[in-house]
Amino acid sequence: MKPLILITNDDGVQSKGIQELIDMACTLGNVVVMAPDGPRSAQSNALTMAVPVYYQLERKEPGLEIYKCSGTPTDCVKLALNNLLDRKPDLIFSGINHGSNSGINVIYSGTMGAVFEGCVNGIPSVGFSLCDHAKDADFSKAKIYFEQIAHKVMMEGLPSGVCLNVNAPKGDINGIRVTQQTKGYWTEEFENRTSPHGQDYYWLTGYFFNQEPDNQLTDEWALSQDYVAIVPTRIDMTDYDAIQLLKDYEEIR
């Protein structure tokens, strides 16, 4: 039986990135796509709770089924696992995202939210992103590396509770680095504007402040040097070192 690969994203089922990922995954096994019907960026692990969620078949051919869903990327994974697939997928791939999910972006990303959901269910899961927001971005150079990473995960699996956040630079690539998440944050995030009717409103903007630009162990540094950055990411967010440091809290009465 061929491997079964579930694919989703946060840019929507019609994005170029997911089409490239589908082409790549079809060389590895049978593919089922359950992706949002439009952009769902920065949704993290959000679930749709106040309204119903719908999905419908877009295309079906030997070895490939594509569905679009009204929900979030995490909704897509949950629906596929619980209501669509007749067996547990061997892999979950999310992306290829138009834009970076390096650094702190990992916690905001809908692309990675879907990956975390796969990891929660014990499925080797990988998020792929390219540092290019253009709708017609060129994925050809990144895909050479993404394909090899995907094949390695398929053959070797991943440690329990660990998924991969994979980001590729735009343009030429020098190789791969396995890195840690860059310490940093977004600042000056909202721009104050005024509507034609005189109403104030706020537009999400800002820039990323890198707290360790010279740290060669980080994903941001690797990307700045034209390497694909792989960050092994845990779904268990417990700080085990801090447990002992905070033991005196147990004395509070």
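Small disclaimer: the values here were computed from a predicted structure and weren't measured. (Residues numbered from 1 in each chain as written. Predicted model: local features only at pLDDT ≥ 70, side-chain atom pairs only at ≥ 80, totals over all residues. Heavy atoms only, no water.)

1. A word on the nonpolar core
Inference 1: Within the largest apolar cluster, 34 residues are counted, with the highest numbers of intra-cluster contacts made by Ile 7, Val 33, Phe 93, Phe 128, Phe 146 and Val 166.
Inference 2: Sorting elements by how many residues they give to this core places helix H5 (residues 140-156) first, with six residues.
Inference 3: Look past the residues within four positions of Val 166 in its chain and what remains in contact with it is Val 126, Gly 127, Phe 128, Ser 129, Phe 146, Ile 149, Val 228, Ala 229 and Ile 230.
Inference 4: Leu 4, Val 77, Ala 80 and Ile 123 belong to the second largest nonpolar core, which has 14 residues in total. (Core = buried A, V, L, I, M, F, W, Y, C linked by side-chain atoms within 4.5 Å. Buried < 20%, exposed > 50% of the residue type's maximum accessible area, 1.4 Å probe, protein only. Helix = DSSP H or I, 4+ residues; strand = E, 2+ residues; numbered from the N terminus. Contact = heavy atoms within 4.5 Å.)

2. Observations concerning the packing of aromatic side chains
Inference 1: Counted by the stated rule, this structure contains five aromatic pairs.
Inference 2: Pairing Phe 93 with Phe 128 gives two aromatic rings, centres 5.6 Å apart and planes at 75°, and the pair type is edge-to-face. Note that Phe 93 is positioned in strand E5 (residues 91-98) and Phe 128 in strand E6 (residues 125-130), a separation of 35 residues in sequence. By the burial criterion, Phe 93 is buried, and Phe 128 matches it. (Phe/Tyr/Trp six-rings, centres within 6.5 Å; stacked < 30°, edge-to-face > 60°.)

3. Quick look at a nonpolar patch on the surface
Inference 1: Together, Leu 245, Leu 246, Tyr 249 and Ile 252 make up a nonpolar patch on the protein surface, roughly 480 Å² of accessible area in all.
Inference 2: Among the residues examined, Ile 252 registers a relative accessible area of 59% and is labelled exposed. (Patch = residues over 30% accessible without salt bridge, like charges linked within 9 Å, V, L, I, M, F, W, Y side chains within 5 Å. Areas by Shrake-Rupley, 256 points an atom, 1.4 Å probe, with all protein chains shown as cover. Salt bridge = Lys/Arg side-chain N within 4 Å of Asp/Glu carboxyl O.)

4. Some remarks on the pattern of salt bridges
Inference 1: Throughout the structure, instances matching the rule amount to 12 salt bridges.
Inference 2: In this structure, Asp 37 and Arg 40 form a salt bridge, with 2.6 Å as the shortest nitrogen-oxygen distance.
Inference 3: With a relative accessible area of 17%, Arg 40 lands in the buried category.
Inference 4: A salt bridge links Lys 170 to Asp 132; the nearest nitrogen and oxygen atoms lie 4.0 Å apart. With Lys 170 in the loop between strand E7 (162-168) and strand E8 (175-178) and Asp 132 in the loop between E6 and H5, the pair connects residues that are 38 residues apart, well separated along the chain.
Inference 5: Overall, the relative accessible area of 10% leaves Asp 132 in the buried class.

5. Considering the sheet that holds E8
Inference 1: The strand order across the open sheet built from nine strands is E3-E4-E2-E1-E5-E6-E7-E13-E8, with neighbouring strands paired in mixed fashion. Looking at the sheet topology across the chains shown, the edges are occupied by strand E3 (55-61) and E8. Across the sheet, the mean angle from the axis of one strand to that of its neighbour is 20°, orientation sign disregarded.
Inference 2: As judged from the four bridges shared by E8 and strand E13 (residues 227-234), these two strands associate in the parallel manner. Each residue of the ladder has a partner; that of Ile 176, found in E13, is Val 228.
Inference 3: Contacting strand E1 (4-8), E5, E6, E7 and E13, helix H4 (residues 110-120) runs over the sheet at an angle of about 170° to E6. (Pairing = 2+ DSSP bridges. Axes fitted to C-alpha atoms, helices over the stretch in contact; angles between N-to-C directions.)

By themselves these figures say nothing about function.
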